[in-house]
Amino acid sequence: MQLYTKILLGLILGTLVGFIANVAGITWLQNLLIALEPIGTAFIRVITMIVIPLVVASLMVGTASLGDLAKLGRIGGKTVAYYMCTTAVAVTIGLLVSNLAKPGSRIDVTTRDALSAQFEGQAEGAMVLAEEAPSVVQTLLSIIPRNPVEAAANLDLLPLIFFTIIFAAAVSVIAPNRRDAVITFFEGVNDASMVVIDWIMKTAPYAVFALIAAVVARFGLDLLQSLLMYSATVVAGLLLHLMFTYGIAVRFLAKLSFPQFLRRIAKAPLVAFSTSSSNATLPVTMETAEEELGISKPVSSFVLPLGATLNMDGTALYQAVAVMFIAQIYGIDITVGQQLIVVLTATLASIGAAGVPSAGIITLIIVLNAVGLGQHVQAGIALILGVDRILDMIRTSVNVTGDLAAAAVVARSEGEELGFASRKESSVAVGG
Ligand code: ASP
């Protein structure tokens, strides 16, 4: 059985068991499932553990062996432009579906206030976090690390990428014998990281079961009912973006069959779904790009870590729906001009969001303020917080799928021959 089938099975079983425990009110089973959650948390920790060695080694090998910095600049330009475009399309789709479905006009005032009151405390916490958000200049400056080790220790990928690229560029111009020694060393680190990922992924089906079962067992199903229209609008938008935007990009820009692409990459979005974190999924995303799609290291090592931090189409789309939902529920009309502000700010806010669980709800506060919904921010956030975990899982899967589609598009534009044949044997020679 393929790994992704096993992970899917873990996901379905976990959902089922969690659902039964929840609906039937079987307290002991609910408690048991919640007690099993640390198995999933251990998986997230162990896979996150490999992010730094993998990103550094892979970027080092990718950049230094490229030996052509102009090419790197070109790949970088294309990647960022592509990311911005697809994110803006995602926000537009989010706005379109919420204008059509009007999810906020179907909730009565009593339900609205009851939901807001229930999550008031948590919403306050998010507000405090958003207030601590740095300014644009500060954000740009923080891309340059004062200390790369500190950046690595904090899992701050952007400054680490910045440092590694400069360092690798320097490696590419030193004496060939020294350069080769450095590259060979990092090739070894990269291969070993890949082996560790393979080991970790063997436990993925069980971890996924534990993670999802606990979420579903704990989840307030009545919440889902009152926020059903809102959740359905987010999911419909995400599906549209997946099928339409990525479908077109993969078919016409990367020139790959889209259904096959989805089947090949399935384990990455499945892990993203279970962990709600693009960062934690990054090792799986990188392995998938190289082994399942045959994308070269210079492209995958650059496009994917950048994508995990910058490219969040799912998050941006969800923010657009959330803004419209909150406005509709409070009877506030959002003009076309304001919707354009949503496109701009949600695109930027999703760039600013870290690839960790619930990051999107914090940067949503920025978008709400930008469109003049300031006075409803806290109550509005409280309103949608109850279903955020579930929506986070879905949008994170879309984020990761978007990163992989981007990697395929950029690789193809660089003239790479992509294929669905496994490259595993050539990239990792265990004991050979
Ligand atoms: N959890 C998302 C991610 O890691 C970010 C978010 O939308 O909250 O990609």
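Residues numbered from 1 in each chain as written. Predicted model: local features only at pLDDT ≥ 70, side-chain atom pairs only at ≥ 80, totals over all residues. Heavy atoms only, no water.

(A) Fine view of the site of the ligand. Among the 15 residues in the neighbourhood of the ligand, the closest are listed as Ser278, Thr315, Gly360, Asp392 and Arg395. A distance of 2.6 Å is found between an oxygen atom of the ligand and a side-chain nitrogen or oxygen belonging to Thr315. Here the ligand, which alone exposes 270 Å², has 100% of that area covered by the protein. Of all the secondary-structure elements, those providing two or more residues to the shell around the ligand are helix 20 (359-370) and helix 22 (388-413). In terms of residues, the shell around the ligand owes the most to one element, helix 22, which gives four residues. (Near = heavy atom within 4 Å. Polar contact = N/O pair within 3.5 Å; in protein donor to acceptor, adjacent residues only side chain to side chain. Areas by Shrake-Rupley, 256 points an atom, 1.4 Å probe, with all protein chains shown as cover. Helix = DSSP H or I, 4+ residues; strand = E, 2+ residues; numbered from the N terminus.)

(B) The packing of helix 15 (residues 267-275) against helix 16 (residues 278-292), seen in detail. Here helix 15 crosses helix 16 at 175°, and the two axes come no closer than 9 Å. What the angle tells us is that helix 15 and helix 16 run roughly antiparallel. Of helix 16, the residues touching helix 15 (which contributes Lys267, Ala268, Val271, Ala272 and Thr275) are Ala280, Thr281, Val284, Thr285, Glu287, Thr288 and Glu292. Of the residues contributing to the contact of helix 15 with helix 16, the split by class is five nonpolar, four polar and three charged. (Axes fitted to C-alpha atoms, helices over the stretch in contact; angles between N-to-C directions. Parallel < 35°, antiparallel > 145°, perpendicular 65-115°, else oblique. Contact = heavy atoms within 4.5 Å. Nonpolar A, V, L, I, M, F, W, Y, C, P; charged D, E, K, R; others polar.)

(C) Expanded view of unusual backbone geometry. One non-glycine residue with positive phi stands out, namely Lys255, at about 55°. Structurally, Lys255 is set in the loop between helix 13 (228-253) and helix 14 (258-265).

(D) Representation of the packing of aromatic side chains in the model. This model, assessed by the stated rule, comprises five aromatic pairs. Ring geometry for Phe185 versus Phe186: centroids 5.0 Å apart, planes at 80°, classification edge-to-face. Accessibility expressed as a relative area gives 16% for Phe186, which makes it buried. Considering the side-chain rings of Phe258 and Phe261, the 6.1 Å spacing of their centres and the 15° angle between planes classify their relative orientation as stacked. Residue Phe258 and its partner Phe261 are both found in helix 14; the two are separated by three residues, about one turn of the helix. (Phe/Tyr/Trp six-rings, centres within 6.5 Å; stacked < 30°, edge-to-face > 60°. Buried < 20%, exposed > 50% of the residue type's maximum accessible area, 1.4 Å probe, protein only.)

(E) Molecular detail of a nonpolar patch on the surface. Together, Val137, Leu141, Ile144, Phe162 and Ile166 make up a nonpolar patch on the protein surface, roughly 480 Å² of accessible area in all. Among the elements of the structure, helix 7 (136-141) and helix 9 (157-173) are those that each provide at least two residues to the nonpolar patch. Within the secondary structure, Leu141 sits in helix 7. (Patch = residues over 30% accessible without salt bridge, like charges linked within 9 Å, V, L, I, M, F, W, Y side chains within 5 Å. Salt bridge = Lys/Arg side-chain N within 4 Å of Asp/Glu carboxyl O.)

(F) Broad picture of the side chain of Glu290. Inspection of the secondary structure assignment puts Glu290 in helix 16. The class of Glu290 is buried, set by a relative accessible area of 7%. Side chain to side chain, Glu290 and Ser300 meet in a polar contact 2.9 Å long.

(G) Highlighting the packing of helix 14 against helix 22. At a minimum axis distance of 11 Å, the contact between helix 14 and helix 22 shows a crossing angle of 120°. Accordingly, the angle class assigned to the pair helix 14 and helix 22 is oblique. The crossing of helix 14 and helix 22 is right-handed. Two secondary-structure elements touch here, helix 14 through Phe261, Leu262 and Ile265 and helix 22 through Thr401, Leu404, Ala405 and Ala408. (Left-handed = near helix turned anticlockwise from the far one by under 90°.)

On their own, these measurements won't tell you what the molecule is for.
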